[in-house]
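What follows is each chain in one-letter form.
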Amino acid sequence: MNALWLTIKGMLMGISNIIPGVSGGTMAVSLGIYDDLIFSITQFFNKKKKSIRFLVPLALGLILGVVFFSYAIEFLLAEYAFITSLAFVGLITGGVPILLKEFREALTERNEEVSWRHGLIFLFFLLVVLAMSLMQEPVGDAAALEISFSNILILFGLGIIASATMIVPGISGSLVLMIFGYYYQLLQLLTSFFNNVLALNWAGILEDMILIAPVGIGIILGVFLVSKGIEYLFINFPSLTYSGILGLVIASPVAILYNTNAFADLAQSNIFTSLLIGGILLVISFYLIAKLGQVDETE
């Protein structure tokens, strides 16, 4: 049952990673598995069995989330951006109560009180997410990536950057890729790969894998390096780290609504119906994540 819960949570993280403005790291925080995720990565070689039992079902769910929901999410954001965005706002904010609880526990363990440093760090990271949202590239047609040495190097670097956004809460990987101008090209690459797999087009699969592989290698390397840094912060500055994470998470709903162009969708549809359905989905999503985040992952 524990593996099933982890797979479901991994799927939610996978879906989050392909939505502009939504962070897989934020979803991990909301689901109450962030600390375990960092520990399993950084202590992989010291606690292999425990790490594998945690990471394998989570990774499986993450892959399934990306594969099976990439088409659905693309459709939902195109046709029902406002309603879909509100559902994701609920998913993100549903973890805030758990995050606040962790923050208070960190203060108690170190015998600290809330200070101006906590407020400054909170505000800084909140503004980082808001500023990144405003830097989004305009939506447009993207030329397909071609196989070249320069593109392989670029994709490797993007993999490292993307890995950081998977680990650091509040920083949306898809949004960062938009800023660099590669989001739609990579989405197109993934879609091409899935279509070739379904069609058993081995030549197409091989061609796509040549471009996907450097991204994957960059992600694996980056996840390990970034996790080490996050672990250091949690060990030495736990309450300040939670302050920064809170800032990232609180700003995420604004980033979601802005970067999915949700309000433009609202103007083109039945406002009352959209607000009603979106509000209901927000409440349901909030409740589900709040409950799901309480599921104990420990043995």
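Remember, predicted model here, so these are calculated numbers, not experimental data.

> Is there a simple way to think about the overall build of the protein chain in this case?
A tally of helices and strands in the protein chain yields 14 helices and zero strands. Looking at the protein chain residue by residue over its 299 residues, the buried ones come to 48%. Across the protein chain, every contact between residues at least 6 apart in sequence was considered, and the portion connecting residues at least 24 apart equals 81%.

> Just to check I follow, could you spell out the packing of helix H6 (residues 96-109) against helix H12 (residues 238-259) for this structure?
In helix packing, the relevant descriptors are the interaxial angle and the interaxial distance, both defined with respect to the helix axes. Two numbers describe how H6 lies on H12: the axes approach to 8 Å, and their chain directions differ by 160°. Looking at the two axes, H6 sits roughly antiparallel to H12. Crossing of H6 over H12 shows left-handed handedness. Note on element contacts: H12 touches H6 through Pro-238, Ser-239, Tyr-242, Ser-243, Ile-245, Leu-246, Val-249 and Ile-250, opposite Val-96, Leu-99, Leu-100, Glu-102, Phe-103, Ala-106 and Leu-107. Residues that form the contact of H6 with H12 fall into these classes: twelve nonpolar, two polar and one charged.

> Sorry, what's going on with the side chain of Thr-93 here?
Checked against the element boundaries, Thr-93 lands in helix H5 (residues 81-93). Here the side chain of Thr-93 touches Val-89 through a polar contact of 2.8 Å, landing on its backbone oxygen.

> Please explain the nonpolar core as it appears in this structure.
Here is a general trend for soluble globular proteins: nonpolar side chains tend to be buried in one another's company. Core analysis: the biggest nonpolar cluster contains 57 residues, and Met-13, Met-27, Tyr-34, Leu-37, Ile-167 and Leu-186 have the highest contact counts within it. Top contributing element to this core by residue count: helix H11 (residues 202-236), with seven residues.

> Would you mind going over a nonpolar patch on the surface with me for this structure?
Residues Phe-272, Leu-276, Ile-277, Ile-280, Leu-281, Ile-284, Tyr-287 and Leu-288 make up a contiguous nonpolar surface patch of about 780 Å² in total accessible area. Checked against the element boundaries, Ile-284 lands in helix H14 (residues 271-292).

> Sorry, what's going on with the packing of H5 against H12 here?
For the pair H5 and H12, interaxial distance at closest approach is 9 Å and the crossing angle is 170°. On the basis of their axis angle, the class for H5 and H12 is roughly antiparallel. Of H12, the residues touching H5 (which contributes Ser-85, Leu-86, Phe-88, Val-89, Ile-92 and Thr-93) are Val-249, Ser-252, Pro-253, Ile-256 and Leu-257. Tallied by class, residues from the contact of H5 with H12 come to eight nonpolar, three polar and no charged.

> Explain the layout of surface pockets here, please?
A probe as big as a water molecule, rolled over the atoms, marks out the empty space that is left. What the largest pocket holds in volume is close to 1,400 Å³. Counting residues per element, the ones that place at least two in the lining of the largest pocket are helix H1 (2-17), helix H3 (34-42), helix H4 (48-79), helix H8 (149-167), helix H9 (173-180), helix H10 (183-198) and H11. Its residues assigned to classes, the lining of the largest pocket shows 34 nonpolar, five polar and no charged.

What counts, and where the lines are drawn
- Residues numbered from 1 in each chain as written.
- Predicted model: local features only at pLDDT ≥ 70, side-chain atom pairs only at ≥ 80, totals over all residues.
- Heavy atoms only, no water.
- Helix = DSSP H or I, 4+ residues; strand = E, 2+ residues; numbered from the N terminus.
- Buried < 20%, exposed > 50% of the residue type's maximum accessible area, 1.4 Å probe, protein only.
- Contact = heavy atoms within 4.5 Å.
- Axes fitted to C-alpha atoms, helices over the stretch in contact; angles between N-to-C directions.
- Parallel < 35°, antiparallel > 145°, perpendicular 65-115°, else oblique.
- Left-handed = near helix turned anticlockwise from the far one by under 90°.
- Nonpolar A, V, L, I, M, F, W, Y, C, P; charged D, E, K, R; others polar.
- Polar contact = N/O pair within 3.5 Å; in protein donor to acceptor, adjacent residues only side chain to side chain.
- Core = buried A, V, L, I, M, F, W, Y, C linked by side-chain atoms within 4.5 Å.
- Patch = residues over 30% accessible without salt bridge, like charges linked within 9 Å, V, L, I, M, F, W, Y side chains within 5 Å.
- Areas by Shrake-Rupley, 256 points an atom, 1.4 Å probe, with all protein chains shown as cover.
- Salt bridge = Lys/Arg side-chain N within 4 Å of Asp/Glu carboxyl O.
- 1 Å grid on protein atoms, 1.4 Å probe; cavity = no way out; pocket = protein on both sides within 12 Å on 5 of 7 lines; lining within 4 Å.
- Points joined across faces, edges and corners; volume = space filled by probe spheres on them.

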